[in-house]
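Fold and contact review
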Amino acid sequence: MGRGGIGGAAAMAMAMETADPARAFVKDVKRIIIKVGTAVVTGMNGRLAMGRLGSLCEQVKQLNFQGYEVILVTSGAVGVGRQRLQYRKLIHSSFADLQNPQMNFDGKACAAVGQSVLMAIYDTLFSQLDVTSSQLLVTDRDFKDPSFGDQLRETVFSLLDLKVVPLFNENDAISTRRQPYEDSSGIFWDNDSLAALLAAELNADLLIMLSDVEGLYSGPPSDPQSKIIHTYVNEKHGKLISFGEKSSVGRGGMQAKVTAAANAASKGVPVVIASGFATDSIITVLKGEKIGTLFHNEANLWACSKEATAREMSVAARDCSRRLQKLSSEERKQILLDIADALEANEDAIMSENDADVEAAQVAGYEKSLVARMTLKPGKITNLARSIRKTADMEDPISHTLKRTEVAKDLVFEKAYCPLGVLLIIFESRPDALVQIASLAIRSGNGLLLKGGKEVMRSNAILHKVITGVIPDTVGKKLIGLVTSKEEIADLLALDDVIDLVIPRGSKSLVSQIKATTKIPVLGHADGICHVYIDKSADMDMAKRIVLDAKIDYPAACNAMETLLVHKDLNKSEGLDDLLVELEKEGVVIYGGPVAHDKLKVPKVDSFRHEYSSMACTVEFVDDVQSAIDHINRYGSAHTDCIITTDRSAAEAFLQQVDSAAVFHNASTRFCDGTRFGLGAEVGISTERIHARGPVGVDGLLTTRCILRGSGQVVNGDKGVVYTHKDLPLQ
């Protein structure tokens, strides 16, 4: 290991910027052994799978050209030979023989016939790619000779120096093992164990084992409950995995691969088990991407360290939150006021780090809408500090009593607010979200774990440092943890015994992925498809102001208008024409619906939902307010929708029937915001139907607890209790 990178693999090196950190070692890989299983080489009928073989050879040629030293260990000879012998026997059989065919063949004969066919195919494919290959057949008996290893290395290293690809296979035709398909008592007993042995003997930097599945699963891959294991840790996975049936065309199976991979890894050779059915799996592995299953001799240290870090961070946040809850309302308020002062005092440092993030994003070619979201504009820090002070001045939400009921004489039931516990917030792009979320968490008494986008890493780091710097030691600075690695998220999402709520703020794919991979409750919205409907009675000057604001004020925001619905009677009206012209002047690309209009010049395939840039807008014509309502309920995302009308009955129908978290009348969708609603700030906007909905402020980060104050009462079958259930005034 550690020979250093090679100049011919510059593209691979560039790809390492997005690699899984656990696989960063591949940048130093030079000598690779690729083991190809029988199920990859052949189809179910025993015939060679020429498409997969062609893809394999193409990848080997690419690596060979880039300067990698590639060694192949290939199975398939027995299967190919059996298929060839079956064919020969059939064409030479009499009619009587065909009535009772006997197709059992000696495995050694199959290997002898199939080996020449297999190697001929490899030679033909590699020759077409201007690559030279060579054949090396070995048995476990060879390795019993102490001098054999030296001879083997001398031959292979000479071939590699000449850029020749060595092709190894076990010589089943002359193997002396008693049961060549079952005996595992030798030095090696199949091509999986042969590949592991060669990896150690030939000082390989990496062994890639190609199989008919994507990697090692926790159970049979056909079981929907089985999950792929990306990094194998024997102490963690060894006793938990249940293996399915082995391949029907090979003699190995996943269990054999795991045994061989673990053996190679223990000797210092990393192994990746990946799919041989994918056309670029080898190249993808060498880019360091998280595919297949990695075996590494330090994996146990990584896994234990990561898991401990995630749990320790979560437990620390929980412990700090409990200490925070012990403080008085004034003490918690003072923490927020200190944070506001610290942000203003460190404004120059914060803006400098944000400028560095923005510059890096622009150099990387990020979309303008993303750069806009990550930019802290002048005055933003002042506005954030003002928002924090407003949150600090709010009534203390912790232990606020919601209801008091006399259950019986001297037995009083109370329902009161209490913190949720530990929150995990995963957000993209916007560093100001970190400040807003932190202030709400502190005011509501919750512990907090934050994972922001890598594009604002510097901004998040300085903001986290400033905020935690003023949290008193009596609470603990680990009240707010900053998650810096994407890989830690998976470990955190598994901690449903410590983390109480996940709030993702980002793309639809982010929210969907998180919901699918955790047992922790998730609060958020998957889409921000917001509608504005202009009714036939609308004041068009008002409509123009609202629509332009809803679209132009902050096009990248989730509450910006995506679709403009217009009553059909307004089609080609002067007021609508003026509005569309103004939108176009602002750079909005307008996509037309099924009704033609001169201003709608861009054709649209899907007229209802689009995933274009934030400066795009769909215009649809509808028959009436009920059609608008039905359209929104069918195609919207239940986020924020607005009607512009002077018809009060139409407005009330819209407000009552549109099934969204926020529904407006004659007001821009951009008002759907925690700060604008007087919540102080928000952790996000929820379209969920349980717990919080709409902009989520302090009250959305609270749950309730039941408190019962008695004087010695017991139930005793309800014999001595007279229930009064009388409402009492709040104290």
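Only a predicted model underlies this, so the values are computations on that prediction, with no experimental measurement involved.

1. A closer look at the sheet that holds strand β9 (residues 411-419)
- Within the open sheet, the 4 strands sit side by side as β22-β9-β8-β23. Their pairing is antiparallel. Whereas interior strands pair on both sides, the edge strands pair on one side only; in this sheet they are β22 (702-709) and β23 (723-728). The sheet shows a mean angle of 25° between the axes of neighbouring strands, direction not considered.
- Here strand β8 (residues 401-408) runs beside β9; their pairing, made up of 6 bridges, is antiparallel. Across the sheet, the residue bridging to Glu406 is Val412, located in β9.

2. Some thoughts on helix α7 (residues 148-161)
- In this model, α7 (14 residues) spans 20 Å end to end at C-alpha, consistent with the 20 Å of a helix rising 1.5 Å per residue.
- Listing the buried residues of α7 in full gives Phe148, Gly149, Leu152, Val156, Leu159 and Leu160. Along the long axis of α7, the arc covered by the buried residues comes to 100°, so they all point the same way. Among the exposed residues of α7, those oriented more than 90 degrees off its buried face are Glu154 and Asp161.
- One or two positions beyond α7, positive phi appears at Lys163, with a value near 60°.

3. Focus on the pattern of salt bridges
- Inspection of the entire model under this criterion finds 20 salt bridges.
- Here Glu201 makes a salt bridge to Arg153, at a shortest N to O gap of 2.9 Å. Taken together, the residues span a long stretch of sequence, with Glu201 in helix α8 (residues 191-201) and Arg153 in helix α7 at a distance of 48 residues.
- Overall, Glu201 belongs to the partly exposed group, its relative accessible area being 23%.
- What you see here is one network of salt bridges that share partners, running through Lys30, Arg31 and Glu69.

4. Observations concerning the packing of aromatic side chains
- Taken as a whole and judged by the stated rule, the model has 5 aromatic pairs.
- Ring centres 5.0 Å apart and planes at 80° place the aromatic pair Phe143 and Phe148 in the edge-to-face group.
- Judged by relative accessible area, which is 15%, Phe148 ranks as buried.
- Through successive ring pairs, a cluster of aromatic residues spans Phe143, Phe148 and Phe188.
- Looking at Arg52, its charged tip hangs above the ring of Phe277, at a distance of 4.0 Å from the centre.

5. Considering the pairing of strand β1 (residues 31-36)
- For β1, the tally of buried residues reaches 6 of 6 residues, placing the bulk of the element in the interior.
- With burial as the criterion, each face of β1 is covered, one bearing Arg31, Ile33 and Lys35 and the other bearing Ile32, Ile34 and Val36.
- In this structure, β1 lies alongside strand β2 (residues 69-74), joined through 6 bridges in parallel fashion. Bridging from a neighbouring strand, Ile32 pairs with Val70 of β2.
- Two strands pair when backbone bridges link them, and β1 and strand β5 (residues 206-211) are joined in this way by 5 bridges, in the parallel orientation. Looking across to β5, one finds that Ile34 is bridged to Ile208.

6. What about unusual backbone geometry?
- Non-glycine residue Ala638 carries a positive phi angle of around 60°.
- Relative to the helices and strands, Ala638 is located in the loop between α23 (625-635) and β18 (640-644).
- Taking the relative accessible area as the measure of exposure, Ala638 reaches 16% and is therefore buried.
- Although it is not a glycine, Asn666 adopts a positive phi angle of roughly 55°.
- Owing to a relative accessible area of 26%, Asn666 belongs among the partly exposed residues under this scheme.

7. Describing the environment of Ser444
- One can find Ser444 in helix α17 (residues 432-444).
- The exposure class of Ser444 is buried, given its relative accessible area of 0%.
- Taking the C-alpha atoms as reference, Ser444 lies 6.4 Å from Pro397; in sequence the two are 47 residues apart.
- Ignoring sequence-local partners within four residues, the contact set of Ser444 consists of Pro397, Ile398, Pro419, Val698, Leu701 and Leu702.
- A polar contact of 2.7 Å, which involves the side chain of Ser444, links it to the backbone oxygen of Leu440.

8. Quick notes on the packing of helix α13 (residues 329-345) against helix α16 (residues 380-392)
- Relative orientation of the contacting elements α13 and α16 amounts to 170°, with a least axis distance of 9 Å. One way to sum up the angle between α13 and α16 is to call them roughly antiparallel. Residues Lys333, Leu336, Leu337, Ile339, Ala340, Asp341, Leu343 and Glu344 of α13 lie in contact with α16, whose contacting residues are Ile381, Thr382, Ala385, Ile388, Arg389, Thr391 and Ala392.
- Considered class by class, the residues forming the contact of α13 with α16 number 9 nonpolar, 2 polar and 4 charged.

9. Quick word on the confidence of the model for the protein chain
- Model confidence for the protein chain is summarised by a mean pLDDT of 84, while 85% of its residues fall at 70 or above.
- Below a pLDDT of 50 lies the segment residues 179-183, which in the model reaches 8 contacts outside its immediate sequence neighbourhood of four places, other chains included.
- Below pLDDT 50 for its whole length, residues 601-612 participates in 29 contacts with residues either more than four positions away or in separate chains.

10. Brief notes about the sheet that holds strand β11 (residues 447-451)
- Strand order in the open sheet formed by 4 strands is β12-β11-β10-β13, with parallel pairing between adjacent strands. A single partner strand is all that each edge strand has here, and the edge strands are β12 (480-482) and β13 (501-505). Neighbour-to-neighbour, the strand axes of the sheet open up by a mean angle of 15°, direction not taken into account.
- Judged from the 5 bridges that link them, strand β10 (residues 422-427) and β13 form a sheet pairing that is parallel. Directly across from Leu423, in β13, lies its bridge partner Leu501.
- Taken strand by strand, helix α18 (residues 457-469) contacts β10 and β12, and its axis lies near 160° from that of β12.

11. Examining helix α10 (residues 254-266)
- In this model α10 runs 18 Å from its N-terminal to its C-terminal C-alpha over 13 residues, within 8% of the 18 Å that 1.5 Å per residue would give.
- All buried positions along α10 are accounted for by Met254, Ala256, Lys257, Val258, Ala260, Ala261, Ala264 and Ala265.
- On the buried face of α10, the contacting elements are β1, α8, β5, β6 (271-275) and β7 (293-295).
- Downstream of α10 by one or two residues, Gly268 has phi in the positive range, about 95°.

Rules of the game
Residues numbered from 1 in each chain as written. Predicted model: local features only at pLDDT ≥ 70, side-chain atom pairs only at ≥ 80, totals over all residues. Heavy atoms only, no water. Pairing = 2+ DSSP bridges. Helix = DSSP H or I, 4+ residues; strand = E, 2+ residues; numbered from the N terminus. Axes fitted to C-alpha atoms, helices over the stretch in contact; angles between N-to-C directions. Expected span 1.5 Å × (residues − 1). Buried < 20%, exposed > 50% of the residue type's maximum accessible area, 1.4 Å probe, protein only. Arc of directions from axis to C-beta. Salt bridge = Lys/Arg side-chain N within 4 Å of Asp/Glu carboxyl O. Phe/Tyr/Trp six-rings, centres within 6.5 Å; stacked < 30°, edge-to-face > 60°. Lys NZ or Arg CZ within 6 Å of the ring centre and 35° of its normal. Contact = heavy atoms within 4.5 Å. Polar contact = N/O pair within 3.5 Å; in protein donor to acceptor, adjacent residues only side chain to side chain. Parallel < 35°, antiparallel > 145°, perpendicular 65-115°, else oblique. Nonpolar A, V, L, I, M, F, W, Y, C, P; charged D, E, K, R; others polar. pLDDT = per-residue confidence, 0-100.

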